[in-house]
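Listed below are the residues making up each chain.
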Amino acid sequence: MGLGAKLYGIARIKNDQYMVMERIDGYNTNRRYFPKVDIPVSAVKEMERQYLLLISNGIIPRDLQFQISHDGQRVVLVDPEFFECGSLTPRASELFWEKFLYVLKEDFNIVR
């Protein structure tokens, strides 16, 4: 779906394997204990587009997190450990998104 950071490869060190991923500087939507920063409405719309793309493909995010570039122009899905396969009713999907927006507004100033 092209929503996450780019995977460059797998590094093997001794008996362990590590994913080598693209670094995305910016703000994580799961951040705490930082002053509020501004993010554009366009970034929020992109988060919603990605959320709806997941839902339409039968992927239910239970813990949705994004990395937003410092300039607010790039939004990347990150930290996808709480997902389920299935479907949501349209109302359940709306309720989840409303809750996500509520939390987002507590941490960020959404600006035009």
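Check the entry above for the structure.
All of these numbers come straight from a predicted model, not from anything done at the bench.

*Asks:* Describe the nonpolar core, and please don't skip the residues or the numbers.
*Replies:* One finds Met47, Leu64, Trp97 and Leu104 to be the most contacted residues of the largest nonpolar core, which totals 20 residues. With 6 residues, helix α1 (residues 41-56) is the single largest residue contributor to this core. Setting aside its immediate chain neighbours within four residues, Leu104 contacts Thr29, Ile39, Val44, Met47 and Ile110.

*Asks:* Give a description of the pairing of strand β7 (residues 75-78) that names residues and reports values.
*Replies:* Going residue by residue along β7, you find Val75 and Leu77 tucked away on one face and Val76 and Val78 tucked away on the opposite face as well. Bridge analysis of strand β6 (residues 65-68) against β7 gives 4 bridges, and the strand direction is antiparallel. Directly across from Gln65, in β7, lies its bridge partner Val78. Hairpin connection, β6 to β7: the antiparallel pair is bridged by 6 residues, and Gly72 has positive phi, about 75°.

*Asks:* Report on the pattern of salt bridges, specifying residues and quantitative values.
*Replies:* Tallied over the full model, the rule gives 6 salt bridges. In this structure, the salt-bridge partner of Asp25 is Arg23, at a minimum N-O distance of 2.9 Å. A salt bridge links Arg91 to Glu98; its shortest N-O distance comes to 3.6 Å. Using a relative accessible area of 44% as the deciding quantity, one classes Arg91 as partly exposed.

*Asks:* Can you break down α1 residue by residue, with the values?
*Replies:* An α-helical turn contains 3.6 residues, so any two residues separated by three or four positions project in the same direction. Between its terminal C-alpha atoms α1 stretches 22 Å, which fits the 22 Å expected from 16 residues at 1.5 Å a residue. Taken as a whole, α1 has its buried residues at Val41, Ala43, Val44, Met47, Gln50, Tyr51, Leu54 and Ile55. Just beyond α1, the residue with positive phi is Gly58, at close to 75°.

About the criteria used
Residues numbered from 1 in each chain as written. Predicted model: local features only at pLDDT ≥ 70, side-chain atom pairs only at ≥ 80, totals over all residues. Heavy atoms only, no water. Core = buried A, V, L, I, M, F, W, Y, C linked by side-chain atoms within 4.5 Å. Buried < 20%, exposed > 50% of the residue type's maximum accessible area, 1.4 Å probe, protein only. Helix = DSSP H or I, 4+ residues; strand = E, 2+ residues; numbered from the N terminus. Contact = heavy atoms within 4.5 Å. Pairing = 2+ DSSP bridges. Salt bridge = Lys/Arg side-chain N within 4 Å of Asp/Glu carboxyl O. Expected span 1.5 Å × (residues − 1).

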